[in-house]
Amino acid sequence: MNEAVTGALTSRLTALADDELILAQRNSEWTGHAPILEEDIALANIAQDELGHATVWLGLLEPFSGRSPDEMAFFRDAEDFLNVQMVELPKGDWAFTMLRQYLFDAYEHILIEALLASTYQPLADAAAKFRGEEMYHLRHTHLWVERLGLGTDESNRRMQDALDILWPAAGQLFVPLPDDHLLVHEGIFPDLAILQDQWVAIVRPHLTAAGLTFPAEIANTAARGFHTEHMATLLADMQLVARWEPDGEW
Amino acid sequence: MTKINEMTMNDEKQTAEFEARIARGEKIEAGDWMPEAYRKQLIRMISQHAHSEYIGMLPEGKWIPHAPSLRRKMILIAKVQDEAGHGQYLYHAAETLGATREEMMDAFLTGKAKYSSIFNYPSDTWADVGMIGWLVDGAAIRNQTMLAQCSYGPYSRAMVRICAEETFHHKQGKEMVLLYAHGTPKQREMVQDALNRYWWPSLMMLGPHDADSPNTPQLVRWGIKTKTNDEVRQEFIAETAPELLAAGLTIPDPELHFDEESGQWIHGPIDWDEFWQVVRGNGPCNAERLGARRQAHEDGAWVREALNGYAQKALST
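Just so you know, these numbers come straight off a predicted model, no measurement behind them.

## A few points about the packing of helix α6 (residues 127-147) of chain B against helix α7 (residues 153-181) of chain B
All names here are of chain B. Taken N-terminus to C-terminus, the directions of α6 and α7 make an angle of 155°; their axes are 7 Å apart at the nearest point. When the interaxial angle is binned, α6 and α7 end up roughly antiparallel. You can see that α6 and α7 cross each other, and the crossing is left-handed. Grouping the amino acids of the contact of α6 with α7 by side-chain chemistry returns 12 nonpolar, 11 polar and 3 charged.

## Some thoughts on the packing of aromatic side chains
Ring pairs (aromatic) are described by centroid distance and by the angle formed between their planes. All names here are of chain A. Here the structure, examined in full by the defined rule, presents 21 aromatic pairs over all chains. Consider the rings of W167 and W199, whose centres lie 5.2 Å apart with planes at 15°: the pair is stacked. Placement of the pair is W167 in helix α7 (residues 153-170) and W199 in helix α9 (residues 192-209), with a sequence separation of 32 residues. Of the residues examined, W199 reaches a relative accessible area of 3% and is grouped as buried.

## Regarding the interface of chain A and chain B
In many reports, interface size means the accessible area that the parts give up when they come together. Residue-level contacts link 51 residues of chain A with 43 residues of chain B. Together, the buried faces of chain A and chain B total about 4,200 Å²; carbon and sulfur atoms form 67% of this surface. Measuring nitrogen to oxygen at the nearest pair gives 2.6 Å for the salt bridge that ties R101(B) to E38(A). At the junction of chain A with chain B, the criterion picks out 19 residue pairs in polar contact (both at pLDDT 80 or more). Of all the secondary-structure elements, those providing two or more residues to the side of chain A that touches chain B are α1 (3-28), α2 (37-65), α3 (69-74), α5 (94-115), α6 (121-150), α7 and α10 (230-244) of chain A. Here the side of chain A that touches chain B gets 12 residues from one element, more than from any other, and that element is α2(A). For the side of chain A that touches chain B, a count of residues per class yields 25 nonpolar, 13 polar and 13 charged.

Parameters at a glance
Residues numbered from 1 in each chain as written. Chains lettered and ligands numbered in written order. Predicted model: local features only at pLDDT ≥ 70, side-chain atom pairs only at ≥ 80, totals over all residues. Heavy atoms only, no water. Axes fitted to C-alpha atoms, helices over the stretch in contact; angles between N-to-C directions. Helix = DSSP H or I, 4+ residues; strand = E, 2+ residues; numbered from the N terminus. Parallel < 35°, antiparallel > 145°, perpendicular 65-115°, else oblique. Left-handed = near helix turned anticlockwise from the far one by under 90°. Nonpolar A, V, L, I, M, F, W, Y, C, P; charged D, E, K, R; others polar. Phe/Tyr/Trp six-rings, centres within 6.5 Å; stacked < 30°, edge-to-face > 60°. Buried < 20%, exposed > 50% of the residue type's maximum accessible area, 1.4 Å probe, protein only. Contact = heavy atoms within 4.5 Å. Buried area = accessible area lost by both parts, 1.4 Å probe. Salt bridge = Lys/Arg side-chain N within 4 Å of Asp/Glu carboxyl O. Polar contact = N/O pair within 3.5 Å; in protein donor to acceptor, adjacent residues only side chain to side chain.

Spelled out as structure tokens, the structure:
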């Protein structure tokens with residue numbers, strides 16, 4: 001792998017890790033506050049899986065970045081994070097959290113299927129490991145979209161409000177990083193334009209069947225690395241203790 | 001009149017048979033005959049225990065967003081999730097006695113049902129997560145190991161499963177406290193402060209002295225409890241105190257010492273006024289904890305309505 005490809009892989013692994021880490025952070029805020037006890041359990045499970053995936057991606061990154069997973073999570077500032085903006089938005093209500101998770105799960109599902117064929121073996125191995133968990137997440141949130149979309153007028157309205165924000169925001173998942181084309185050329189990482197078509201083919205019919213309508217398509221095409229105002233406070237919360245005593249072993 | 005006498009006679013005979021089963025060490029199962037008072041005591045204890053698990057998610061759950069390493073964050077989410085799971089098994093165990101989740105939830109949220117006093121104390125720093133694991137879960141394990149011997153089968157089996165998970169909670173808490181006790185000066189100070197605040201409430205959570213625990217004799221007779229509060233408290237101190245001291249921490253009880261003659265740890269007087277204040281709802285965080293549970297319940301009302309609405313539509317198609 002030449003230096004340019006290594007650089008591209010470093011950025012892509014950072015983006016993969018940061019999406020999962022920040023989404024896990026938001027989902028874990030629900031622990032103890034979910035609408036039913038059974039969902040405290042289910043969402044905590046999803047948050048643990050995402051955190052586990054983030055840890056794996058950060059581990060793969062370590063030889064390139066020279067920084068440990070904990071250093072990456074707790075000692076970077078917002079501008080160095082490459083997650084999409086939709087994962088850093090506040091958790092909102094249960095409709096927002098479930099719809100965000102569904103859109104992300106559908107994306108991750110097709111991403112993982114594509115990564116199984118990666119020519120970079122560690123990526124293919126990680127994808128094989130995550131595959132089963134992701135199937136379960138998608139099944140869970142797929143059903144929640146249906147229940148809330150078709151449940152009551154109020155639940156439908158809340159889902160529609162969430163979709164109006166999240167549908168355009170999700171566009172950013174498919175914006176390539178500047179050097180992604182090098183990875184696509186080497187067969188390391190899939191072409192996001194193809195993934196986007198597959199993603200739309202999964203989510204659009206299901207959201208329509210759940211009684212939701214699509215907002216005008218002004219997709220978020222901001223490059224990764226640009227954040228909403230929520231990112232700084234999210235990191236302040238996440239990094240509070242680690243930075244309070246940076247010399248400590250935690 | 002005759003009928004009532006017959007019923008009383010029957011009841012007495014059945015009670016005698018029931019007590020003989022317990023004396024033989026048999027488990028009572030859901031659907032078996034049991035005295036009404038036994039059923040009521042169990043519903044009270046099991047639902048109180050379930051509520052404790054449910055509300056007990058809050059003091060530690062609050063620190064999930066601030067966990068200082070990926071590993072600690074993972075462990076803490078898993079731990080708080082286990083507490084939700086314990087709440088769930090326990091509500092199911094109480095349901096086998098005829099209580100419904102809705103009734104129990106109502107009693108909990110209106111403040112009629114009690115839950116463990118310990119969760120009404122604040123979790124001020126990250127070290128509290130470690131101290132809760134070591135002391136609070138340690139005390140709970142002592143109590144629950146005893147309850148695993150309980151005469152009611154579904155409660156006993158729930159306890160066996162819960163104890164296995166609690167053992168892991170206890171271990172992670174102890175590991176954290178020991179690490180910080182040998183850590184930087186800031187970490188040492190933080191963990192000592194957590195001990196100062198959690199020591200006495202941990203002793204109190206094992207319940208009033210035997211002399212002030214009116215339910216205990218009946219509970220022991222029926223095999224619901226197999227040890228008294230003071231016995232369990234003594235076991236807890238004997239296990240924990242030497243290890244805390246070995247870690248270089250100071251236990252905030254100047255009178256605490258090991259009495260060679262009796263082989264017992266002698267502790268200073270427990271502030272039972274504080275305990276009763278907390279039990280009666282006037283502890284430092286009672287309003288906040290119950291308020292957070294009520295808020296989550298109210299915020300979730302539309303979700304539960306949507307689930308019902310969806311289920312009805314699904315049934316009618």
